[in-house]
Amino acid sequence: MRLTEDNKLKKLVVVGDRVLIKLKKANEKTSSGLYLPPGVQEKEKVQQGYIMKAGPGYPIPMHVEEDEPWKEKDENIRYVPLQAKEGDLAIFLLNGAHEVIYEGEKFYIVSQSAILMLEREEEL
């Protein structure tokens, strides 16, 4: 399979309550007109970026019945879904994020608990 812009993230599976975030393009100028080098804004404690992929959510513990141990057990895992969805703009804490480089691009893997606020295009 050849990777293109459309399918390069399709083979990624985000686990549990985590999301994959690509940083939003930072402003290169301050309000007073000074130009900032790229590394300055990446060190801020609070960052914002777009959610590219989202995990399934928090797993719910399964009820275990031990009365018939010979039966084959199904792995029907259920999840409490995340509030974060693909395409949302997330404002998150950088110290709760893990930086990864995938196919030459920088992404952050962030737990939902490190996300402070979401902006969604659709009406609530």
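Attention here is on the structure that accompanies the text. (Residues numbered from 1 in each chain as written. Predicted model: local features only at pLDDT ≥ 70, side-chain atom pairs only at ≥ 80, totals over all residues. Heavy atoms only, no water.)

Description of unusual backbone geometry
Glycine aside, residues mostly have negative phi, and peptide bonds are mostly found in the trans state.
Then step 1. Positive phi is not limited to glycine here, since E103 has a value of about 55°.
Then step 2. Tracing the backbone through its elements, the reader meets E103 in the loop between β6 (97-102) and β7 (105-111). (Helix = DSSP H or I, 4+ residues; strand = E, 2+ residues; numbered from the N terminus.)

Details of the packing of aromatic side chains
Then step 1. Counting across every chain of the model gives one aromatic pair.
Then step 2. An angle of 50° between the planes, with centres 6.1 Å apart, marks the rings of F92 and Y108 as tilted. With a gap of 16 residues between them, F92 in strand β5 (residues 89-93) and Y108 in strand β7 connect regions that are remote in the sequence. Grouping residues by exposure puts F92 and Y108 together as buried. (Phe/Tyr/Trp six-rings, centres within 6.5 Å; stacked < 30°, edge-to-face > 60°. Buried < 20%, exposed > 50% of the residue type's maximum accessible area, 1.4 Å probe, protein only.)

Topic: a nonpolar patch on the surface
Then step 1. A surface patch of nonpolar side chains, about 340 Å² in accessible area, is lined by V46, L93, L116 and M117.
Then step 2. Along the chain, V46 falls in strand β2 (residues 46-54). (Patch = residues over 30% accessible without salt bridge, like charges linked within 9 Å, V, L, I, M, F, W, Y side chains within 5 Å. Areas by Shrake-Rupley, 256 points an atom, 1.4 Å probe, with all protein chains shown as cover. Salt bridge = Lys/Arg side-chain N within 4 Å of Asp/Glu carboxyl O.)

Topic: the nonpolar core
Then step 1. Membership of the largest hydrophobic core comes to 13 residues, with the highest contact counts inside it found for V19, I21, I51, F92, Y108, V110 and I115.
Then step 2. Listed by contribution, the elements that provide at least two residues to this core are β1 (18-23), β5 and β7.
Then step 3. Discounting chain neighbours no more than four positions away, the residues touching Y108 are V19, L20, I21, L23, F92, L94, A97, H98 and E99.
Then step 4. Core analysis: the second largest hydrophobic core is formed by five residues, L9, V14, Y102 and F107 among them. (Core = buried A, V, L, I, M, F, W, Y, C linked by side-chain atoms within 4.5 Å. Contact = heavy atoms within 4.5 Å.)

Focus on the environment of Y102
Then step 1. Inspection of the secondary structure assignment puts Y102 in strand β6.
Then step 2. When the C-alpha positions of Y102 and L9 are compared, they lie 9.1 Å apart, and in sequence the two are 93 residues distant.

Structural notes on the pairing of β1
Then step 1. Sheet topology note: the β1/β7 ladder contains four bridges and is antiparallel. Looking at the pairing, V19 lines up with V110 of β7.
Then step 2. As paired strands, β1 and β2 are joined by five bridges and run antiparallel to one another. Its bridge partner lying in β2, V19 is registered against A54. (Pairing = 2+ DSSP bridges.)

Re the sheet that holds β1
Then step 1. Within the open sheet, the six strands sit side by side as β6-β7-β1-β2-β5-β8. Their pairing is antiparallel. Among the strands making up the open sheet, the edge pair consists of β6 and β8 (115-119). Averaged over all pairs of adjacent strands, the angle between their axes in this sheet comes to 40°, without regard to strand direction. (Axes fitted to C-alpha atoms, helices over the stretch in contact; angles between N-to-C directions.)

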